[in-house]
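# Observations on the three-dimensional arrangement
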Amino acid sequence: MSLAERKALCLEMVAAWNRWDLSGIIKHWSPDIVHYSEDTEVSSADMIKLMEAGLKAFPDLQLEVKSIMAEEDRVTLRITVTATHQNEFMGVKPTGQPVSWHLVEELRFADAKVVEHWDVINMRPLLVQLGKLPDVPKVELEASA
């Protein structure tokens, strides 16, 4: 499988997310895939539950790929997620508010299937938007002379 084919497969999985079609993602997983979220191993069953919970809370969820890179047997995507908070999430009742957050996904392939999956999710913007964390003003950096 070429680098271009791996990237295309990743973009196909993103398109499945954007159609809310989890089976369109899962069909590309190897039966023995290993998932890591923030470096913690997560079973496929638990990963699917997390995905379903995300779609329940944010049923109009959309992923926008900001960048995609492929090297050897891996593809990395930098993604911005946008959605509307329409059902309970982390104890927060639905607000109807538009929200966004960011994530990085790394996928390792073997035999045209994803065999390892890592994600790092920056949920801080989402938690601020839902009122779970205080908003901290951005620090303005002064240019040094």
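Bear in mind the structure is a predicted one, so any value in this text is a computation, not a measurement.

Rules used in this analysis
Numbers given for residues are sequential positions, taken from 1 along each chain in its written order. Reporting of local features is limited, given that this is a predicted model, to residues whose pLDDT is at least 70; pairs of side-chain atoms are given and counted only at 80 or more, and all residues count toward the totals for whole chains, interfaces and linings. Side-chain numbers come from the whole structure's heavy atoms, not from hydrogens or water. By definition, any uninterrupted DSSP run of H or I lasting at least four residues is a helix, any uninterrupted run of E lasting at least two residues is a strand, and each is numbered from the N terminus. To estimate the expected span of a helix, count its residues, drop one, and scale the result by 1.5 Å. To sort residues, take the accessible area from a 1.4 Å probe on protein chains only and compare it with the maximum for the residue type: under 20% means buried, over 50% means exposed, and anything in between is partly exposed. The contact criterion used throughout is that any non-hydrogen atoms of two residues lie within 4.5 Å. For two strands to count as paired, DSSP must find a minimum of two bridges between them. Axis definition: a line fitted to C-alpha atoms, over the contacting stretch in the case of helices. Angles run 0 to 180 degrees between N-to-C directions. A residue's pLDDT is the confidence the predictor assigns to it, expressed on a 0 to 100 scale. Buried and open spaces are told apart on a 1 Å grid over the protein atoms alone, a cavity being a set of points where a 1.4 Å probe fits but cannot get out and a pocket being an open set with protein on both sides within 12 Å along at least five of seven lines. Residues with an atom within 4 Å of a point are the lining residues. Grid points are joined across faces, edges and corners, and a volume is the space filled by probe spheres set on the points. Only Asp, Glu, Lys and Arg are considered charged, only Ala, Val, Leu, Ile, Met, Phe, Trp, Tyr, Cys and Pro nonpolar, and every remaining residue, Gly among them, polar.

Taking 1.5 Å as the rise per residue, helix H3 (residues 44-57) with 14 residues should run 20 Å; its terminal C-alpha atoms sit 20 Å apart, in good agreement. Here H3 has its buried residues at Met47, Met51, Gly54, Leu55 and Ala57. At its buried positions, H3 is contacted by helix H1 (3-18), helix H2 (23-26), strand E1 (29-37), strand E2 (40-42), strand E4 (74-84) and strand E6 (113-122).

Moving on, we get to the side chain of His28. Mapped onto the secondary structure, His28 falls in the loop between H2 and E1. Sequence-distant contacts of His28, that is, excluding residues within four places in its chain, are made with Leu9, Glu12, Met13, Lys113 and Val114.

Another point: the pairing of E6. Examined bridge by bridge, E1 and E6 share five bridges and lie parallel to one another. Each bridged residue has a counterpart across the sheet, and for Val34 the counterpart in E6 is Glu116. Sheet topology places strand E5 (residues 98-110) next to E6; nine bridges connect them, and they run antiparallel. The residue bridging Glu105 from the neighbouring strand is Asp119, located in E6. In textbook terms, the turn of a hairpin is the stretch between consecutive antiparallel strands, and for E5 and E6 this stretch comprises two residues, one of which, Asp111, has a positive phi near 55 degrees.

This part is about the sheet that holds E2. One open sheet accounts for six strands, arranged E2-E1-E6-E5-E4-E3; its pairing is mixed. Only two strands of the sheet have a single neighbouring strand rather than two, namely E2 and strand E3 (62-71). The average undirected angle you get between the axes of adjacent strands in this sheet is 25 degrees. Across the sheet, H1 is in contact with E3, E4, E5 and E6; its angle to E3 comes to roughly 165 degrees.

On to the pairing of E5, then. Moving residue by residue along a regular strand, the side chains alternate between the two faces of the sheet. A one-sided burial pattern is seen for E5, the buried positions being Val99, Trp101, Leu103, Glu105, Leu107 and Phe109 and the unburied ones Pro98, Ser100, His102, Val104, Glu106, Arg108 and Ala110. Pairing of E4 with E5, which is carried by 11 bridges, proceeds in the antiparallel orientation. Residue pairing for E5: Ala83 is matched across the bridge by Val99.

To continue, consider the environment of Gly91. Within the secondary structure, Gly91 sits in the loop between E4 and E5. Residue class for Gly91 comes out exposed when judged on its relative accessible area of 57%. When the C-alpha positions of Gly91 and Lys132 are compared, they lie 9.5 Å apart, and in sequence the two are 41 residues distant.

Attention shifts here to the confidence of the model for the protein chain. Overall, the predicted model of the protein chain reaches an average pLDDT of 92, with 94% of residues at or above 70. Of all helices and strands in the protein chain, the one with the weakest mean pLDDT is helix H4 (residues 124-129) (88), whereas E3 scores best (98).

Take the layout of surface pockets next. To locate leftover empty space, one rolls a probe as large as a water molecule over the atoms. Computed from the structure, the largest pocket encloses a volume of approximately 680 Å³. Forming the walls of the largest pocket are 27 residues, and the residues nearest its centre are Trp17, Met51, Glu105, Asp119 and Ile121. Elements with a contribution of two residues or more to the lining of the largest pocket: H1, E1, H3, E4, E5 and E6. For the lining of the largest pocket, the leading source of residues is H3, giving five residues. Classifying every residue of the lining of the largest pocket by side-chain character gives 22 nonpolar, three polar and two charged.

Now for unusual backbone geometry. In this structure, Trp20 takes a positive phi of about 60 degrees despite not being glycine. Mapped onto the elements, Trp20 comes out in the loop between H1 and H2.

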